[in-house]
Amino acid sequence: MPQSVLADQAPAALAALRARPAEDEIIYFMLPDRFENGDASNDRGGLTGDRLHTGYDPVSKGFYHGGDIKGLISRLGYIQGLGATAIWVGPIFQNKPVQGPKGQESAGYHGYWITDFTRVDPHFGTNADFKALVDAAHARGLKVYMDIVVNHTADVIQYRECARSDCVYRSRADYPYQRRGGVAGAPINPGFAGDEVQTAANFAKLTDPNFAYTTFIPKGEEHVKVPEWLNDPIYYHNRGNSTFAGESSTMGDFSGLDDVMTENPRVIAGMIDIYGGWIDRFGIDGYRVDTARHVDAAFWRAFIPAILDRAKAKGIPNFHIFGEVSGGDHNEGRQAIWTRQAAFPGTIDFAFHQAVIDTVAGNTGTERLEDLFAGDVLYAGGETGARHQVTWISNHDDGRFGFYVRHAFPQASDDEVLHRVQLANAMLLTLRGVPQIYSGEEQGFAGIGNDQGAREDMFASKVPEYNAEKLIGSNATTATANFNPHSAMYGFLADLTHVRSDTAALREGRQVTRASHPAPGLFAVSRFDPKDGREVLIAFNTSTQPLAANIQVEVASSRFTALSGACPQAASAPGSVKITLPALGFAICEAK
Ligand SMILES: [Ca+2]
Ligand SMILES: [Ca+2]
Ligand SMILES: [Ca+2]
């Protein structure tokens, strides 16, 4: 569309967008550094020198590759063509360009090492570029979700007693706040009643940050963080590296990243100020919250309502906030805890991810999926609340679904791998929750592992390991740009996103399990239109054999239309329909 046409449509598009509930969205997630390079002049972020100074090295997985906000703007049509309705943009805040022990350095290309929380990293562009992105997305009816971090900042604070990698966690019991360096140490912080008494008066008594370790800030970095209050070590836990267990889960440093003292009311107010500011200035539509489980629940109980209020005041009633709760056994109860005691409207659904891995990139029976959805009552708001869960099968940390399939079924043909990945995506786009597609899925990216192994470039990559990857359903490689709207996965996903967006039952409808199996095979659910109750039956076959089965439906559902796959025209008898599915196939059947 020409820019002038977009501008004319902008106010109406924005009003329609603001009115959509979170569960109507299909989210497309990308790391800006790896998506599209729209401006070669910012590739080094305005810095000079080698890659350890600029962070730029397009040949290496762990450094900046040149993607930026201008590039992302230029590809919004590609994203919209896929049928996504929202973008989740990896963190765009200014980062420490390079971190890590000598010889093991890597760059902040992923965005999770923030120094300045108020501005865009120069590798990605400017705050004005980000405003242009939000406006351009909104003009197309696309929402913009930012990826934010509260838990930590870049690694700036150091300890005298140890180097970053060997700073073991020092607990509150062994290193209480009122002693310096252990229970036998000199008295400090008199009268501080502990971090659970969250009043300004109490935290005013916490003046010495050197209870567990002796903190210092290397010369030249004293004011590197913005806002300025973040430069004071008193606003950090300073207890050494998290073991991701017990108390250290919320108070330990994530591999040296400075862990913020989120119990302090000054910190809570400061973070509300920072992230409320982005809403005020840019009118964005939601936050994906990094490392949510490493911040105490009381922080979220204060932060989340304040942010939702801030959004409402800005005319954004459906602002979504979804937290990353990773680790542990990835069950639905563990996710649901954070919607209850930490007030998250939704979490990134690791339980869904694991259940689809087990059943489609594994040999677990489809009862696993029935169990998953039986847990929906655990979420705040019950089954309605569960529809705010952000569901996914591939991402930048845990790896891509295709990788899991190839790992689980090393003998599988290319065709079987493609069908398994498509089946998993069919589940993603029809079952309850807000589906999130990770950039590259639509071009058959499978990745070579997790983390850096799953962060391939969409533009022509110079990374040899990426370029050696065999894509799924495509003869292309990542050595050339992959914005092909005719690829097998793009067309497949676009068909399903349009079915979802056209069918209220698949976005907002109640979901009832109809059939499951102790071994690979049938899984079926019905979803119901929230207004007229019309039934949509969705059936999946996770086995490599065709199947036919009678499935219970509503007695009123006597005739069907196929929205995808093969559906019978009519019920076999009142309340029963016979579904026939090919190996690893599925069908979406809407009652007339
Ligand atoms: Ca660039
Ligand atoms: Ca540190
Ligand atoms: Ca923490």
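Reading guide: rules and limits
Residues numbered from 1 in each chain as written. Chains lettered and ligands numbered in written order. Predicted model: local features only at pLDDT ≥ 70, side-chain atom pairs only at ≥ 80, totals over all residues. Heavy atoms only, no water. Donors = N, O, S within 2.8 Å, 3.2 Å for Na, K, Ca; no water. Tetrahedral: all angles 85-135°; square planar, octahedral: opposite > 155°, others 65-115°. Pairing = 2+ DSSP bridges. Helix = DSSP H or I, 4+ residues; strand = E, 2+ residues; numbered from the N terminus. Contact = heavy atoms within 4.5 Å. Axes fitted to C-alpha atoms, helices over the stretch in contact; angles between N-to-C directions. Parallel < 35°, antiparallel > 145°, perpendicular 65-115°, else oblique. Nonpolar A, V, L, I, M, F, W, Y, C, P; charged D, E, K, R; others polar. Buried < 20%, exposed > 50% of the residue type's maximum accessible area, 1.4 Å probe, protein only. Left-handed = near helix turned anticlockwise from the far one by under 90°. Polar contact = N/O pair within 3.5 Å; in protein donor to acceptor, adjacent residues only side chain to side chain. Disulfide = S-S within 2.5 Å.

1. What about the coordination of the calcium ion (ligand 1)?
So, point 1. At 2.2 to 2.5 Å from the calcium ion (ligand 1) lie its protein donor atoms, namely N37 (OD1), D39 (O), N42 (OD1), D43 (OD), G66 (O) and D68 (OD).
So, point 2. Geometry at the calcium ion (ligand 1) is irregular, judged from the 6 donor atoms that bind it and their angles of 66 to 167° at the metal.

2. Here we look at the sheet that holds strand β7 (residues 143–148)
So, point 1. What the 8 strands build is an open sheet, ordered β12-β11-β10-β7-β2-β1-β14-β13; its pairing is parallel. Each of the sheet's edge strands pairs with one partner strand only, and the pair in question is β12 (346–347) and β13 (390–392).
So, point 2. Where strand β11 (residues 320–323) meets β12, 2 bridges bridge the pair, whose relative direction is parallel. Bridge pairing links F322 to G346 in β12.
So, point 3. Contacting β2 (86–89) and β7, helix α5 (residues 127–139) crosses the sheet at an angle of about 140° to β7.

3. Describing the packing of helix α11 (residues 350–360) against helix α12 (residues 367–374)
So, point 1. At a closest axis distance of 9 Å, the pairing of α11 and α12 adopts a crossing angle of 170°. Classified by the interaxial angle, the pair formed by α11 and α12 is roughly antiparallel. Contacts from A351, F352, Q354, A355, V356, D358 and T359 of α11 reach α12 at R368, L369, L372 and F373.
So, point 2. Taken together, the residues of the contact of α11 with α12 sort by class into 7 nonpolar, 2 polar and 2 charged.

4. Describing the sheet that holds strand β19 (residues 560–564)
So, point 1. As summarised here, the arrangement of the 5 strands in space is β15-β16-β17-β21-β19, forming an open sheet in which the pairing is antiparallel. What marks the edges here is a single partner per strand, and that holds for β15 (510–515) and β19. Neighbouring strand axes in the sheet, compared pairwise and without regard to direction, differ in orientation by 25° on average.
So, point 2. As paired elements, β15 and strand β16 (residues 522–528) share 5 bridges and run antiparallel to each other. Note on β16: the bridge partner recorded for V512 is S526.

5. Points about the coordination of the calcium ion (ligand 3)
So, point 1. In the first shell of the calcium ion (ligand 3), the protein supplies N151 (OD1), T250 (O), D259 (OD), D259 (OD) and H294 (O), at 2.2 to 2.6 Å from the metal.
So, point 2. Along the chain, the residues that donate to the calcium ion (ligand 3) are spaced as N-x98-T-x8-D-x34-H. Within this pair, whereas N151 is found in the loop between β7 and β8 (158–159), its partner H294 is found in the loop between β10 (286–289) and α9 (297–313), the two being separated by 143 residues in sequence. Neither N151 nor H294 differs from the other in exposure class; each is buried.

6. Side note on the packing of α11 against helix α15 (residues 414–430)
So, point 1. Between α11 and α15, the shortest axis-to-axis distance is 11 Å and the interhelical angle comes to 145°. Both α11 and α15 take part in a crossing whose hand is right-handed. For the pair α11 and α15, the contacting residues are F352, V356 and V360 in the first and R420, L423, A424, M427 and L428 in the second.
So, point 2. Residue composition of the contact of α11 with α15, grouped by class: 7 nonpolar, no polar and 1 charged.

7. Looking at the side chain of E324
So, point 1. Tracing the sequence through the fold places E324 in the loop between β11 and α10 (332–340).
So, point 2. Polar contacts involving the side chain of E324 include one to the main-chain amide nitrogen of T291, which spans 2.7 Å.
So, point 3. Apart from the residues lying within four places of it in its own chain, the contact partners of E324 are R288, V289, D290, T291, A292, R293, I348, F350 and D397.

8. Observations regarding α11
Note that an α-helix has 3.6 residues per turn; residues three or four places apart therefore point the same way.
So, point 1. Taking burial as the measure, the 11 residues of α11 include 10 buried ones, the bulk of the element.
So, point 2. Of all the positions in α11, only F350, A351, F352, H353, A355, V356, I357, D358, T359 and V360 are classed as buried.
So, point 3. Buried residues in α11 make contact with α10, α12, β13, α14 (401–408) and α15.
So, point 4. For α11, the N-terminal cap is D349; the gap from its side-chain oxygen to the backbone nitrogen of A351 is 3.2 Å.

9. Here we look at the state of the cysteines
So, point 1. Overall, the coordinates contain 2 disulfides when judged by the stated rule.
So, point 2. What pairs with C567 in a disulfide is C589, and their sulfur atoms sit 2.0 Å apart. Disulfide C567 to C589: torsion about the S-S bond roughly -90°, handedness left-handed. Here C567, found in the loop between β19 and β20 (576–581), pairs with C589, found in strand β21 (residues 586–591); they are 22 residues apart in sequence, far enough to count as distant. Neither residue differs from the other here; C567 and C589 are each classed as buried.
So, point 3. Of note for the protein: the bonded cysteines, numbered N- to C-terminal, pair according to 1-2, 3-4.

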